[in-house]
Amino acid sequence: MNALLLPLLALPAIGIVSLLLFRRARVLQWLLFLLAAGALVATAALLYGRWELSAGLSLGVATLGFRNTPLGWLFFAFSSGLTLFIALFSLSYNDRRHSSGVAPLWMILLAATMGIFFAGDWIAFLVAWEIMGWTSFFIIAHGRESSFRASIYYYTLSLIGTAALLAALFTVWRLTGTLDLDGSLAALAALWTAQPGAVTLVALLLAVSFLAKSALGPFFMWPALAHAEAPDDFSAYLSGVMIKYGLFALVRLVLPLFGPAYAGATVQGTPVFLYILGWIGGLTAVWGTLLAVRENDMKRMMAYSTVSNMGYILVALSVNTVFGVAAALFHIFNHMIFKGTIFLSLAAVKYRTGERQLHRLGGLAYRMPVTFFAFLIGIIAAAGIPPMSGFASKWMVIQSLFSRRMLLLAVPVLFASTASFMYLYRGLHGIYLGQLSPRFRDVRPAPPLQMLAMLLLMLAVYAVGTFPGLALLPIRDALAGLQEVIGAGGVGSQIPVTLGTIMGVSSRINLTTVSFVFLGSFIGVLVLYLLGKRRSRVEWLDTYTAGEDPAEWNMTPEQYHYAYRFYEPFEKMINPLLERLSLERAYESLARSFRRLSGSVARALSGGGAGVAVALLALAVILIVGVAR
Amino acid sequence: MHHEILLLALPIAVSFLVPLLARRSAAVARWIAFLAYLAALAYTLALFPSVMASARAVIVAGWLPPLGIALFLSPLSLGAVALVYLIAALTALYNLSSPGENKRPEGGRSARGVALQALFVLGGVGMVLTADLFNAFVFLEIAGISAFALVASGRPLQSGRAAAANVPVTSVEKKSAAAADSKTASAEPPAEAAPSAVSTSGSLRYLVAAQTASLFMLLGIGLLYSATGLLTLPSLVSHPALKSSFGLLTALLLLFPVLLETKIVPLNFWVGRAYAGAPAGFAASLSGIGATAAAVLLLRMLSVMGSGSAFAGTAGELRGVLLLLGSLTVLVGETAAFREADLKKVLAWSSAGQMGVVLVGAALPAGEAAAWVLFFLASHAVAKALLFLLAGFFAARAGTNRWKAMKGLGRLHPLAAGMFTVGALSLMGLPLFAGFWGKLGVLRAVFSSGGPAVLAAAAILLGTVAEGVYFLRIAHSLFEAPEAESGTPEAEREAPTVGSGKPARAPVPAGVLLPALILAAAVLLLGLRPSLAMRVIAPAARELVSPDEQYAQKILPSGASR
Amino acid sequence: MSVLKSILAGFAAMAVGLFFMGVGRQISARLQRRVGPPLWQPYVDVIKCFARKSTSHHFIMDLGSMMGLAGLVAAATLLPVAGWLPFPSGGPLIVILYLMPIGYLGMAMGVSASGNPLAAIGIGRALTLMVGYEVPFAILLLSIVAAFNTSLLSVMAQVQSGGLGTWNAVRMPLGFIAALIAMQAMLAEKPFDAMIAPAEIASGPMVELGGKFLGMAFLQHAVSIYVVTGLVVNMFLGGAASVPVFFLKQLVLFSLTMGVNGIFARFRIEQATAFLWLSAGSLALVQLVLNLILY
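Worth saying up front: this structure is predicted, and the values here are computed from it rather than measured.

Definitions and cut-offs
- Residues numbered from 1 in each chain as written.
- Chains lettered and ligands numbered in written order.
- Predicted model: local features only at pLDDT ≥ 70, side-chain atom pairs only at ≥ 80, totals over all residues.
- Heavy atoms only, no water.
- Helix = DSSP H or I, 4+ residues; strand = E, 2+ residues; numbered from the N terminus.
- Buried < 20%, exposed > 50% of the residue type's maximum accessible area, 1.4 Å probe, protein only.
- Contact = heavy atoms within 4.5 Å.
- Areas by Shrake-Rupley, 256 points an atom, 1.4 Å probe, with all protein chains shown as cover.
- Lys, Arg positive; Asp, Glu negative; His and termini not counted.
- Charge placed at Lys NZ, Arg CZ, Asp CG, Glu CD.
- Pairing = 2+ DSSP bridges.
- Expected span 1.5 Å × (residues − 1).
- Patch = residues over 30% accessible without salt bridge, like charges linked within 9 Å, V, L, I, M, F, W, Y side chains within 5 Å.
- Salt bridge = Lys/Arg side-chain N within 4 Å of Asp/Glu carboxyl O.
- Buried area = accessible area lost by both parts, 1.4 Å probe.
- Polar contact = N/O pair within 3.5 Å; in protein donor to acceptor, adjacent residues only side chain to side chain.
- Nonpolar A, V, L, I, M, F, W, Y, C, P; charged D, E, K, R; others polar.

> How would you summarise the overall build of chain B if you had to cite specific residues and measurements?
Looking only at helices and strands, one finds 23 helices and 2 strands in chain B. Among the 562 residues that make up chain B, the fraction classed as buried is 65%. For chain B, the share of sequence-separated contacts (at least 6 apart) that also reach a separation of at least 24 residues comes to 82%. Here chain B has roughly 18500 Å² of accessible surface; of this, 67% comes from carbon and sulfur atoms.

See the structure below:
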């Protein structure tokens, strides 16, 4: 029973016990959850560097193998850290009024996450993947009908992905005869010359499965439902950790197929398959951004933002170099923390006000300053603006594209990145700035524990922004072992980085310096500000109105807060395009036809005499056909 | 006389004794049945060690086959018998209690019903143990007729507009129907309910289908006898091959009633109404015992019809036809279940779909998937029985079979709803539960045989997607708060369970809780430690894969097969 | 030492920018057949602003205004002027392109906190327009990377140091035209000034700004003129051998901008964005494809 296996077994056990025995003891459940998260961080610390560690869980008919790999450890460490912060937040968030009761299932989910990251063979991976699926379904739905609809949408896509995963699993088994992950992938990669069709099929099936899980390509619409309707603290986990599973699996399971043994066509130096994936990522980035701009619900907006960011990561992975993978991992990590910050601050707002619609909020920065700052830091990072962390990873993503001269693909990336300012600012203005509604005049700031969680995350965002090496150096070390898999030497095989500098193909930047320059400028401007004449505070409704008094028009602060349909001109421009290319409508009609089919099949088979006649007729036909052959 | 006859004698004894002893009180009948099944289960388990060491045939009345009747006790048959008696005992335990305030004397719980159920159990046990075709036919008939009678005696809660419209109801019934359809159901139990149209039509359909199928089987037996002069299955194993088209026709005719019992397309049009009309305890038996026993018989017959037997020439085409039928069943079953409003019908169609998977697995060449098909069958039997029992309980509490009306019951009875979810997740094939390993094994075998079997795999995978959606829909609606909207604060929604002390309804009766707990524990145990079942299943699978040494030679005295 | 140089760079940016604003006002005036204010008028305006009282609704408004100017000054320190940099950063173009928005974001945050919906409307328009001009500009960046494999401004200037024929304005004319169009929008001059729109939304973001806030906004505009024209000079006009020549080239560009400003009316914001994509965007895209093929 080593450090790998103990948490894998203990967590679900504690979760099940907690579910059965502690149903009424809310605080105890969340305290256990916090302890579990802490234990996972401790496990991560213990596991670092011990790459030879492995464990097997024997179940008689199969053995589930787990292995401590650098890549898996990276993901595990990042996600455990984020989970710890979220657990801190959840302890305070789940009080009497807001409790979602999902702590036990969440603990099982944590174990499944660990299983996915450390899986050593296909069956272990599948088991962990499936457990993750059904626990997350129940958590997202958490007993509410509207959340259920969102959750079943997500789970249906997930089931389709699992079906593809099963098909891929068995095909790999048949082709290579082994279930060991690394062994079977190496054997499969060696089959490129002999059976390119089969390997492409496996890659395609795996890609479908993992694109569905990470909401890329044609599966982009489920986070807007699931992340928005999930319990508010769980949304942070969904957007931060769970949506990355597909990308992790792509790096772990699909990229090795396109390593040095690849013998097929390439476009601009990268395999055709990955090139197409890259474009899917780019288009997803654009689509997610456009949809986010239209949203009036703060959680849905941020969910689309997540989709958009997943697009960037897929783009970085598609260049098929170690540098690209590093850029992707770095962006994954950054996204984890800044999205976590954003969603936790949204959860704090919802906790205090109960509102999710932008036009019903406003001015909350004046009452909840720490929450406001957390959100501000988060969106600066999300927009990719130095000195916060998002810039370094976006820069590296673009540099990885430069290394392959895939500059056309950089266009949608830069478009999406720029347009993200729009919706990020809208969130900031709609929720925190503008006019404060009298309903919220007495809103108290977030509780101390929630503020602590947000502060820690803010600090992480700023630290990584100023010293990108904090995240990049572990990433580089972890990827050292990936050289044989992805391709040693050549373009982009090095990840030059120091604590403060990042280097790319076309330039190098010392982010520490940039950060200090900004600080310095700020201090300079502050001096300038202080030199000016003193300013005086005025009332909120005391604004420029060409000499009139808003009170005379019975103007209320809510009416005076501009938030609804903030980007109406832009929406006018893009709505025709979005309407015409609506994938949601396609899925809707598919679901509707299936429902209709189901009804008619059931009716056909229950209809008395007609049914019997049809049945016997069909059977006679089969018999005749069978006999006549 | 061989004491193994007890396996058949106990249910016969129950069915004959009960009408004599239990004139006054149905409760006595139910206790007799429960104790008898428990004893039979214990006896079966006691037989295990000797049978695992070596399978043996029990010759009845001293007449050697191929003329006489032989019972074959092997890991496969004894394992199936143990499963049958387990489910029978648990169902009897369920019938011992009253599932709710509803005290209407449902068909399955009267003395007559108990006797009929014993006959059904007899049919199931018999068709698994026997080695003779005609014998199998007889047991199938017994099971069929008793099932028909039991389904007809059901008094289901009003489950839909059709039922309410067809039945000439009294005004009392109509009021309860209207009340039952409202969300916060608290139906007044009427004194004596009129016979329900659903039960009657369902049982009639079943009867028509079963009798037609039996007729075909009789025809098949006749044809076989005329061609080979044999009636016993083991004799067919090493028999010279019949002409291919003749063999195919005969094989299909013989398989008819079994396919019908296992709800294979296109013989499953009776499924919806029959299950909806049946009493809850019997629905569990119908699926857990009936379908399982028939499936074991099917596997046995298919293993005999494999290569090197009388049907050697047709094996390939037969496999093809069965593969097609199995895939169609999976698709049809899962699709039909999707839209159903009646919970029992949903479970019934789901059963059909799962049996389709069994048929696909059984139709694979060389019995590759034999072990996993058996595991799948066992996990399905256990999980389905669990679901049907709990469905009966929830239906009684909600006053209707419609699952939409059961919304929120999970908050009042979290343990029951949790076990229901466990059963549902197992059927979906999710890990931590038994169904995962079975489905995985069957799929693996399907994929590795390649060729057209891949289409069957696609059908199974599609079925899994649909199945996941509708099962989770139902499982989750149990936990939803009845009047929840997204703006309501949690406190109101949690009122029934958190901190308010006594729940609003009576607690789950022991007769429901105990069987459900046992079944749910079995599901979890098999999911976490599948090797426990493999100890019995592995030799059973070997029996199916090589019927010659394991099966035929043990039954037929050497040299007496021609 | 570099700290002092950075301060110098900041001051230079403000001073030169204000001077350009003065020239710009003269050009507008002459186009409208007026005498116009003297060239040093902006300096006087700024000093006057700082000397006046002002109102603020919340400290976030103060913070935002400061952030606005700070972001742009930071970008100015990264701009190589005839090869001169306060510290060896090489003039990273991508960083500058992403650092400038923090200026706008800061200002946007500040004016949002003023509570005036007109300011919010103006910011919304500004951000919509930003998508319009940033995308073509980013594509131009990609074109230069395609050609010279660098995104450092100092390297770009160096590559074009061989005389008029080596200027990117000559070698990549389509890109240059796109840059000019984008620059017009970046400087918020007509026809792309709907976000200011004095008669429509009362100056948009600046509606609540008075006193030192207005002064800082002026300075921000000045520095943005300096930075944007400096970017285009480095990217397309070959940088410069000496600082005065650099400023001269910037002045020429800015005069061109103000000339166009004087002649045109104002686009609606969606028209403006669409126009930018269609004209500047497609030109830049064509240039990118050409560069990918040619280099």
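> Tell me what's going on with the overall build of chain C, and back it up with residues and numbers.
Across its full length, chain C carries 12 helices and 1 strand. Secondary structure of chain C in N-to-C order comes out as α-α-β-α-α-α-α-α-α-α-α-α-α. Projected onto the principal axes, the alpha-carbon positions of chain C cover approximately 55 × 45 × 40 Å. Burial status across chain C gives 66% buried among its 295 residues. Contacts spanning at least 24 positions in sequence make up 80% of the contacts within chain C whose residues lie at least 6 apart. Just so you have it, chain C exposes about 9700 Å², and 72% of that area is on carbon and sulfur atoms. Positive and negative side-chain charges of chain C, numbering 15 and 8 respectively, have mean locations separated by a distance of 10 Å.

> Could you give me a rundown of the pairing of strand β2 (residues 63-67) of chain A, with the residues and numbers involved?
Residue and element names in this part refer to chain A. The pairing of strand β1 (residues 54-58) with β2 spans 5 bridges and is classified as antiparallel. Looking at the pairing, Leu57 lines up with Leu64 of β2. Count of turn residues in the β1/β2 antiparallel hairpin: 4 residues, of which Gly60 carries a positive phi of about 80°.

> Break down helix α15 (residues 369-382) of chain A for me, citing the residues and quoting the values.
Side chains of residues three or four places apart in an α-helix project in the same direction, reflecting 3.6 residues per turn. All names here are of chain A. Relative to the 20 Å expected for 14 residues at 1.5 Å per residue, α15 spans 20 Å between its end C-alpha atoms, a close match to the ideal helical length. Extensive coverage of α15 is indicated by the burial of 11 of its 14 residues. Among the residues of α15, those classed as buried are Thr371, Phe372, Ala374, Phe375, Leu376, Ile377, Gly378, Ile379, Ile380, Ala381 and Ala382.

> Report on unusual backbone geometry, specifying residues and quantitative values.
Note that the residue after Pro386(A), namely Pro387(A), is joined by a cis bond; omega there is 5°. Along the chain, the position of Pro387(A) falls in the loop between α15 and α16 (389-403). Note the cis peptide between Lys190(C) and Pro191(C), where omega equals 5°. Relative to the elements of secondary structure, Pro191(C) occurs in the loop between α8 (173-186) and α9 (198-201). You will see that Arg33(C), though not glycine, has its phi angle at about 55°, which is positive. Mapping Arg33(C) onto the fold places it in the loop between α1 (2-31) and α2 (41-51).

> Before we move on, can you summarise a negative patch on the surface with the specific residues and values?
All names here are of chain A. A contiguous patch of negative charge, built from Glu539, Asp542, Glu548, Asp549 and Glu552, is present on the exposed surface. Within the fold, Glu548 resides in the loop between β7 (535-537) and α22 (557-560). On the basis of relative accessibility, which here comes to 45%, the residue Glu548 falls in the partly exposed class.

> Could you give me a rundown of the side chain of Glu467(B), with the residues and numbers involved?
All names here are of chain B. Relative to the helices and strands, Glu467 is located in helix α19 (residues 453-479). By relative accessible area, Glu467 is classed as buried at 0%. Leaving out residues up to four positions away in the same chain, Glu467 has contacts with Glu334, Ser350, Gln354, Leu427, Met428 and Lys439.

> So, the environment of Ala111(B): which residues are in play, and what are the values?
Residues and elements named next belong to chain B. On the secondary structure map, Ala111 appears in helix α4 (residues 111-129). The buried category is assigned to Ala111, whose relative accessible area is 17%. Between the C-alpha atom of Ala111 and that of Leu21, which follows or precedes it by 90 residues, the distance is 9.5 Å.

> Tell me about the interface of chain A and chain C, and name the residues and values.
Taken together, the contacts link 70 residues of chain A with 76 residues of chain C. The largest share of the area that chain A buries against chain C comes from Arg405(A), Tyr425(A) and Tyr529(A), three residues that together contribute 10% of it. At the boundary of chain A with chain C, the tally comes to 2 salt bridges. Between Arg535(A) and Asp62(C) there is a salt bridge; the shortest N-O distance is 2.8 Å. There are 23 residue pairs in polar contact (both at pLDDT 80 or more) connecting chain A and chain C.

> Lay out a nonpolar patch on the surface with the relevant residues and their values.
Side chains of Leu408(A), Leu285(C), Val286(C), Val289(C), Leu290(C), Ile293(C), Leu294(C) and Tyr295(C) sit close together on the surface and give an oily, nonpolar patch of about 690 Å² of accessible area. Examining the composition of the nonpolar patch, we find that 6 residues originate from one element, helix α12 (residues 269-294) of chain C, more than from any other. Mapped onto the fold, Leu294(C) is located in helix α12.

> Tell me about the interface of chain A and chain B, and please be specific about residues and values.
Across the contact, 59 residues belong to chain A and 67 residues belong to chain B. Summed over both partners, the interface of chain A with chain B buries about 5800 Å², with 75% contributed by carbon and sulfur atoms. Counting across the interface, chain A meets chain B through 1 salt bridge. Summed over the shared surface of chain A and chain B, the result is 6 residue pairs in polar contact (both at pLDDT 80 or more). Elements with a minimum of two residues in the side of chain A that touches chain B: α5 (122-141), α6 (145-176), α24 (583-606) and α25 (608-628) of chain A. Ranked by the residues each element gives to the side of chain A that touches chain B, the list is headed by α6(A), at 15 residues. Each residue belonging to the side of chain A that touches chain B can be placed in one class, and the counts come to 33 nonpolar, 16 polar and 10 charged.

> Go over the arrangement of the chains with me, naming the residues and quoting the values.
Interchain contacts are distributed over 2 pairs of chains, and the most extensive set of them lies between chains A and C. Nowhere do chain B and chain C come into contact; their C-alpha atoms are at least 29 Å apart.

> Tell me what's going on with the pattern of salt bridges, and back it up with residues and numbers.
All told, the structure shown has 26 salt bridges over all chains when counted by the stated rule. With its nearest N and O atoms 2.5 Å apart, the salt bridge here joins Arg67(A) to Asp182(A). One end of the pair, Arg67(A), is in strand β2; the other, Asp182(A), is in helix α7 (residues 181-189), and 115 residues separate them in sequence. Look at Arg67(A) and you get partly exposed, because its relative accessible area is 23%. For Lys439(B), the salt bridge identified is with Glu467(B), shortest N-O distance 3.0 Å. Of the two residues, Lys439(B) sits in helix α18 (residues 434-449) while Glu467(B) sits in helix α19, which places them 28 residues apart along the sequence. The exposure class assigned to Lys439(B) is buried, which follows from its relative accessible area of 7%.

> Hey, could you go over a positive patch on the surface for me, with residue numbers and the actual values?
A cluster of basic residues, Arg603(A), Arg339(B), Arg402(B) and Lys404(B), forms a positive patch on the protein surface. Summarising the element assignment, Lys404(B) is placed in the loop between α15 (370-398) and α16 (409-412). Take Lys404(B): its relative accessible area is 55%, and that puts it in the exposed class.

> Which residues make up helix α5 (residues 117-148) of chain C, and what are the values?
Residues and elements named next belong to chain C. Its 32 residues place the ends of α5 46 Å apart at the C-alpha level, agreeing with the 46 Å of an ideal helix rising 1.5 Å per residue. Judged by how many residues are buried, α5 sits mostly within the fold: 30 of 32 residues are covered. Among the residues trailing α5, Asn149 stands out with phi positive, at a value near 55°.

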